[in-house]
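Topology and contacts: notes
Single-letter residue listing:
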Amino acid sequence: MPLRRLAIVLTLLCLTPAPVLSGQNPTPVHVPAATLDSYVGEYSLTADPDWHLSFFRDRDRLYCEGPRTPRTILTAESDTVFTADKSQVHYTFTHATSTAPAAVRISGETTWDLVRISTQPVPNHFRPYARQEVMIPMRDGIQLHAVILRPKDTREPLPFLMQRTPYGVDLATSDTINAHYTELAQSGYIFVMEDIRGRYKSQGAFVMMRPLAGHHDPHAIDESTDTYDTVAWLLTHVPRNNGRVGVLGTSYPGFLAAEAGIDPHPAIRAISPQAPMTDVWLGDDFFHNGAFRQTYGYDYVLGVDTGKNSTLGNPDEYTTLLKYGSFAAAIHAPDAMSGSSLDPTDKSAENKSNQLELLATWQDFLDHPAYDDFWRSRAVQDRLTTVAVPTLEVGGWWDQEDLWGPQAEYAALESDDAAHNQPADPAHRVFMVLGPWYHGSWASTSDHLGPLDFREPVGDEFRQRIEAPFFAYYLKDQPGFTLANTATYQTGTDRWMFYTQWPPKNVTEHDLYLDADGSATFTRPADPSAFKAYTSDPANPVPYRRRPIEATYGPDSHWYTWLVQDQRPDDSDQPDGRRDVATFVTPPLDRDVTVTGNVIADLIASTSGTDSDWIVKLIDVFPGAGSAPCPTCLRIDPSIPYFNANPSGYELMIADEIFRGRYRLSFEHPAPIPANTPEEYKFSLHAADHVFFKGHRIMVQVQSTWFPLYDRNPQTFVPNIMTAQPSDYHSAVQHIYAASHLELPEPQ
């Protein structure tokens, strides 16, 4: 939900430095010009090579700026150590040697290392914007706080470009607009950044994903009506506008952008919901097919509702949540909302009293574990009955939060119903872009994703060739937007592909069967009733990413890129991995296999328990050592810190999903699973556009725990898993029958 990118963290490091404590202002030191010149140049962040920062000399001082980072003046403390003005952020330089380039370490709340890649610094060319704060009245009398920014260097009428957010707009300035919306800021818009009701400086009550109201009632309010009223006020009160409005946003603001297209104000001419929260029970954020996302549901709500960091990740959320047992036990802990570390083994905690009521959204989770009217009323996809305004949906193949949303919204709008997408009418079109990104990382250069090296600036290409032309076409009548329908970045070949619809036409589904001997085969097994078995033990669940599992939004969290981590287990003493994961793999492929479209898992499985989770992962296994390198294939970069990736045999997850077995008959009415009885579980692993190259292998893994991202299924049917008691958790023997298969769409 919240958009936290490394580049933004570093930008804010410069924009909002920590205050200097009294008496700690350093005495400026004179540094010779020749020494300053030895630091000048363009530097790249070692943890994210896409992120660059340039250092310049201006007479006897240094300053830095980046393509998307504002200018920051540095003060010398010594010949090698500098501070950002009025901050406790230190820049420590290391001179170049015959074997190593110049480097700089930036130290604040965390530490970043950069190396020089060029002696020529690159300026950012930010455009100056004037800032104004306003309170905008809604139809029910509530006033919403907004920041308005318009270019200082022109008086021409401009369109509005608006983002509404629950995350606060006080940091919206000329610098942040240029840093976060570089191409759009250069083009020139009247930016409007608005706090939604009940958040920060806006009046009213905050409701998480406020349900859509009946718009036949002129007094009803929701996010759609608040957008309508905001637009009406802007058109009247902000001079020199051209009468057109665009709305965009990522994550929660993406949900708000989608709402702007439901019964919109006539002035809204384009919207771009990017990784939008769409249905947080079916596939986004808090649940996937009924399986509760435990760490995310805990950490996100604590951060939004209290502003405090998670109390679970000290040092490993896996350990803490395993000790607590259920979600209810964790949120009822005495220190759950204090911001202090939770320790279930601390007996003194038993004497503490938690006087606070549960956070409202935590209580909502407990009260609504199934897909009832509470969740359906918040879902967006069923309200998308027409393309009221041109819509650009954006998503990432490895989005760890809202992969489902943009695909679901596009599918709802791209309908055979003539009232939906109308290709002949530019005013009623829906478009979609899917790329090799984690949540929101298309806002950065993104030629890397963790250890994946695409060798081209994929994020820059999207913003420059698609996003900026989209808004310029619909809000300014400028030519240049040429996207016909859908653009995907095909991984493996690492190239942009363009389709007239998604899924594309002319694909054939090939069934990849999961045979009892552990092979994955395109030939139907001779004995479909044969099975591969494993034992799932809730006391020893499979970790969903490498441990320790830090707090979701902690300063050193690896939440953002966990989906591209090597799937080879690092927590097993078994030479071939854990015994509670069923693995099926093809021989090395004798041809390229392209998967383009929606991947479906059709699992035939049984459990010795009365409830179970089923996780299915589609994985690309890279060739082992000694294989001939492929110069045009997706590259695994072993130099990226933390990952320490070994390209030989790397296991890259391409598609994945979980299904909670109690919902196999109905999402609304859970039911026990008959013990030791084969049942069908058919569910989508979502879209992919990937080439498994000749010599690679295709792997499918099936497991029943993915902890602590998803809470542990007791494997005994209980009314509400979130309140399960320790005695409810039992091991279960799982059978995956050879009739199970994945439906892989391959272009003809």
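Cut-offs and rules
- Residues numbered from 1 in each chain as written.
- Predicted model: local features only at pLDDT ≥ 70, side-chain atom pairs only at ≥ 80, totals over all residues.
- Heavy atoms only, no water.
- Pairing = 2+ DSSP bridges.
- Helix = DSSP H or I, 4+ residues; strand = E, 2+ residues; numbered from the N terminus.
- Core = buried A, V, L, I, M, F, W, Y, C linked by side-chain atoms within 4.5 Å.
- Buried < 20%, exposed > 50% of the residue type's maximum accessible area, 1.4 Å probe, protein only.
- Contact = heavy atoms within 4.5 Å.
- Phe/Tyr/Trp six-rings, centres within 6.5 Å; stacked < 30°, edge-to-face > 60°.
- Lys NZ or Arg CZ within 6 Å of the ring centre and 35° of its normal.
- Polar contact = N/O pair within 3.5 Å; in protein donor to acceptor, adjacent residues only side chain to side chain.
- Arc of directions from axis to C-beta.
- Axes fitted to C-alpha atoms, helices over the stretch in contact; angles between N-to-C directions.
- Parallel < 35°, antiparallel > 145°, perpendicular 65-115°, else oblique.
- pLDDT = per-residue confidence, 0-100.
- Salt bridge = Lys/Arg side-chain N within 4 Å of Asp/Glu carboxyl O.

So, on to the sheet that holds strand β29 (residues 635-636). In spatial order, the strands read β19-β20-β29; together these three strands make up an open sheet with antiparallel pairing. In the strand order of this sheet, the two ends are held by β19 (448-449) and β29, each with one partner. Bridging between β19 and strand β20 (residues 452-453) involves two bridges; their strand directions are antiparallel. Within β20, the residue paired with histidine 448 across the bridge is aspartate 453.

Quick look at the nonpolar core now. Counting 157 residues, the largest nonpolar core has Phe191, Tyr298, Trp362, Phe365, Trp398, Val702 and Ile736 as the members making the most contacts within it. If you tally residues by element for this core, the top one is helix α13 (residues 458-476), at nine residues. Setting aside anything within four residues of it in sequence, one finds tyrosine 298 in contact with Ser310, Thr311, Leu312, Phe327, Ala330, Ile331, Ala336, Leu342 and Trp362.

So, on to the packing of aromatic side chains. Two descriptors summarise a pair of aromatic rings, namely the distance from one centre to the other and the angle between the planes of the rings. Under the criterion given, the structure shown has 64 aromatic pairs. When the centroid spacing of 5.5 Å and the interplanar angle of 45° are considered together, the rings of tryptophan 614 and tyrosine 681 count as tilted. Here the residue tryptophan 614 occupies a position in strand β28 (residues 613-621), and tyrosine 681 occupies one in strand β31 (residues 679-692), the gap between them amounting to 67 residues. By relative accessible area, which is 0% here, tryptophan 614 ends up buried. Here tyrosine 681 falls in the buried class, since its relative accessible area comes to 1%. One residue, arginine 378, lies across the ring of phenylalanine 374, its end atom 3.9 Å from the ring centre.

Another aspect to go through is the side chain of serine 740. Checked against the element boundaries, serine 740 lands in the loop between β33 (732-737) and β34 (741-747). Only 2.8 Å separates the side chain of serine 740 from the backbone nitrogen of isoleucine 604, close enough to count as a polar contact. Of note is the side chain of serine 740, whose polar atom sits 2.8 Å from the backbone oxygen of tyrosine 737. Apart from residues lying up to four places away in sequence, serine 740 is in contact with Leu512, Tyr513, Leu514, Asp602, Leu603 and Ile604.

What follows covers helix α8 (residues 317-324). Residues of α8 that are buried include every one of Glu317, Tyr318, Thr320, Leu321 and Tyr324, and no others. Looking straight down α8, one finds its buried side chains confined to an arc of 170°; they lie on one side. In this structure, the buried side of α8 is in contact with α7 (294-306) and α9 (327-331). By the N-cap criterion, in which a side-chain oxygen at the helix start approaches the backbone nitrogen of a residue two or three places on, α8 is capped by aspartate 316, the distance to tyrosine 318 being 3.0 Å. Following α8 by one or two positions, glycine 325 adopts a phi angle in the positive range, close to 100°.

This part takes up the packing of helix α5 (residues 223-237) against helix α6 (residues 252-260). Orientation of α5 relative to α6, taken along the N-to-C sense of each, is 70°, at an axis distance of 8 Å. Considered as vectors, α5 and α6 are oriented roughly perpendicular to each other. Across the interface between the two elements, Glu223, Ser224 and Thr227 from α5 touch Phe255, Leu256, Glu259 and Ala260 from α6.

The buried count for strand β27 (residues 593-607) comes to 13 of 15 residues, which makes it a mostly enclosed element. Note that β27 and β31 share 13 bridges and pair antiparallel. Bridge pairing in β31 links aspartate 602 to lysine 682. Bridging between β27 and β34 involves three bridges; their strand directions are antiparallel. When the bridges of β34 are listed, isoleucine 600 appears paired with glutamate 743. When β27 meets β33, the two strands line up antiparallel, connected through three bridges. Its bridge partner being in β33, threonine 607 is matched across the sheet by glutamine 734.

Now for the environment of threonine 236. Its location among the elements puts threonine 236 in helix α5. When the C-alpha atoms of threonine 236 and glycine 204 are compared, they prove to be 23 Å apart, with 32 residues separating the residues in sequence.

Chain-level statistics for the protein chain give a pLDDT mean of 92 and a share of 94% at 70 or above. Across residues 3-23 the pLDDT falls below 50, and counting only partners more than four positions away or on other chains, this stretch makes 50 contacts in the model.

This part takes up the sheet that holds strand β26 (residues 581-585). The strand order across the open sheet formed by four strands is β26-β32-β28-β30, and the pairing between neighbours is antiparallel. Of all the strands in the sheet, just β26 and β30 (651-660) have a single pairing partner and so form its edges. With direction set aside, neighbouring strand axes in the sheet form an average angle of 15°. Here nine bridges tie β28 to β30, and the two strands are oriented antiparallel to one another. Within β30, the residue paired with aspartate 613 across the bridge is arginine 660.

Those residues of helix α10 (residues 360-367) that sit buried are Thr361, Trp362, Phe365 and Leu366. All buried residues of α10 lie within an arc of 150° about the axis, which places them on one face of the element. Next to the buried residues of α10 lie β15 (287-288), β16 (291-292), α7, α9 and α11 (373-376).

What follows covers the pattern of salt bridges. Under the definition given, this model contains 32 salt bridges. Across the pair arginine 465 and glutamate 461 runs a salt bridge, and its minimum N-O distance is 4.0 Å. One end of the pair, arginine 465, and the other, glutamate 461, are both in helix α13, four residues apart, so they sit about a helical turn from each other. Classification of arginine 465 as exposed rests on a relative accessible area of 52%. Overall, the relative accessible area of 8% leaves glutamate 461 in the buried class. The closest approach of N and O atoms between arginine 662 and aspartate 611, which form a salt bridge, is 2.7 Å. You can see arginine 662 sitting in the loop between β30 and β31 and its partner aspartate 611 sitting in the loop between β27 and β28, a full 51 residues away along the chain. When sorted by exposure, arginine 662 lands in the same class as aspartate 611, which is buried. Through salt bridges that share partners, Arg131, Glu133, Asp170 and Lys201 make up one connected network.

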